[in-house]
Amino acid sequence: MSKVAVARVGDLPSAKTAHNRGTCRSVEQLVGNTPLVWTPDVRWDCGRGFWAKLEGANPGGIKDRPGLHLIRRARDRGDLAPGAPIIESTSGTLGLGLALAAVTYQHPVTLVTDPGLEPSLRYLLGAFGARVETVERPHPIGGWQQARRDRVSALLAEHAGAYCPDQYHNPDNVDAYRDLAVELVGQIERVDVLVCSVGTGGHSAGIFRVLRRYHPNLRLVGVDTVGSTIFGQSARPRLMRGLGSSIYPRNVDYAAFSEVHWVAPTEAIWMCRRLAAARYVTGGWSVGAVALVASWLARTLPPATTIVGVFPDGPQRYAETIYNDEYCHQHDLFDRPPADDPDELSHPWQREVVGWSRCRTVVDPIAGRGR
């Protein structure tokens, strides 16, 4: 009997969450039960591939899950009173999830972002009823993220009873991905390697903690961007959004990772466009970066290895960036394929990475612990 058949009943989705996506009575029921699709390697054409969990099938992407869960839990605890304001920092995708939660639970929402937010997404958030504020200058140490968080703190002080979900440090963000992990248990019999982009650390930690109960030998591979501080590199201006950080989110489960890869914008864009042309499956920066790493693992690990990569979103919001030839030429990003193999580091502090790189020593930059 397969592992799917013997999964613990208590770990399976409830009747409330295991809905039929075709017969939803409310929009939040569209979240979850996303497809898992076989994705052949399009970089080396090695004849192998990986399974991609298409979170872009949610109305707003993967962060619809924590958007709803963070607000539901805050209401349950009494941290968020009925009708009270929600105020949060976002680079984009969580903003869509919180806008969905605000409509679902009837709360006004203010989203603090920065000039890197795509205009199309800004307009869409406004159409969904969100108030969008833009900070004008990055923090001298913490960059745009710290500048956004500082503005959130100021807004919270101005609005009595307002609630900030604090996606970077709130453990509810990790718990929000339990259903995603259980969906994978029902979709595929075995998972040997899970590949996740890392920003707040929520979905990598949340999926891994549940999935390894079914697959004790599961390995977690993290995908970051160059210029991100999460895994011990120096903070630098970053073009890619949705992964990486200039602060240290405490939801990142450093001990869970077997290795980390850093990917540059040119490499992520090349993979996004190759996936689009070859497979009609693609998405944003995180999708391109995850696809590169998952494809390389498929090529280099034993043939029987089952790899699952999480694709956090679809391509819609990136029409004027990743899929815009003029933008790519302007930023010198066009048609530059990744190397055959990543640059290898023995320790993340060995040197500053500028392109696709890999390290099997994973450290918590604050605690200084290594593995």
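Thresholds, definitions, all that
Residues numbered from 1 in each chain as written. Predicted model: local features only at pLDDT ≥ 70, side-chain atom pairs only at ≥ 80, totals over all residues. Heavy atoms only, no water. Helix = DSSP H or I, 4+ residues; strand = E, 2+ residues; numbered from the N terminus. Rg over C-alpha atoms; globule rule 2.2 N^0.38 Å. Buried < 20%, exposed > 50% of the residue type's maximum accessible area, 1.4 Å probe, protein only. Areas by Shrake-Rupley, 256 points an atom, 1.4 Å probe, with all protein chains shown as cover. Salt bridge = Lys/Arg side-chain N within 4 Å of Asp/Glu carboxyl O. Polar contact = N/O pair within 3.5 Å; in protein donor to acceptor, adjacent residues only side chain to side chain. Contact = heavy atoms within 4.5 Å. Axes fitted to C-alpha atoms, helices over the stretch in contact; angles between N-to-C directions. Parallel < 35°, antiparallel > 145°, perpendicular 65-115°, else oblique. Left-handed = near helix turned anticlockwise from the far one by under 90°. Nonpolar A, V, L, I, M, F, W, Y, C, P; charged D, E, K, R; others polar.

1. Description of the overall build of the protein chain
Along the protein chain, the regular secondary structure elements total 10 helices and 11 strands. For the protein chain, the C-alpha radius of gyration of 20 Å lies close to 21 Å, the compact-globule estimate for 371 residues. Considering only C-alpha atoms, the protein chain reaches an extent of 55 × 55 × 40 Å along its principal axes. By the burial criterion, 56% of the 371 residues in the protein chain qualify as buried. With the model as given, the accessible surface of the protein chain reaches about 15500 Å², and the carbon-plus-sulfur share is 51%.

2. Describing the pattern of salt bridges
Applying the stated rule across the entire model yields 26 salt bridges. With its nearest N and O atoms 2.9 Å apart, the salt bridge here joins Asp114 to Arg241. With Asp114 in the loop between strand E4 (109–113) and helix H3 (119–127) and Arg241 in the loop between strand E7 (219–225) and strand E8 (257–263), this pair connects stretches of sequence that are 127 residues apart. Pair check on accessibility: Asp114 and Arg241 agree, each one buried. As a salt-bridge pair, Arg190 and Asp192 come within 3.0 Å of each other at their nearest N and O atoms. Connected through shared salt-bridge partners, Lys53, Glu55, Arg65 and Glu183 make up one network.

3. A few points about the side chain of Thr229
Mapping Thr229 onto the fold places it in the loop between E7 and E8. Side-chain polar atoms of Thr229 contact the backbone oxygen of Ile247, separated by 3.1 Å. Not counting the four nearest positions on each side in its chain, Thr229 is found in contact with Ser234, Ala235, Ser245, Ser246, Ile247, Tyr248 and Pro365.

4. Here's the deal with the packing of helix H1 (residues 64–77) against helix H2 (residues 93–105)
Angle between the axes and distance between the axes: these two values describe a pair of packed helices. Running from N to C, H1 and H2 point in directions that differ by 45°, and their axes come no closer than 7 Å. Overall, the two elements H1 and H2 adopt an arrangement that is oblique. Regarding H1 and H2, the two cross each other, and that crossing is right-handed. From H1, Asp64, Pro66, Gly67, Leu68, Ile71, Arg72 and Arg75 reach across to H2, where they touch Leu94, Leu96, Gly97, Leu98, Leu100, Ala101, Thr104 and Tyr105. Of the residues contributing to the contact of H1 with H2, the split by class is 9 nonpolar, 3 polar and 3 charged.

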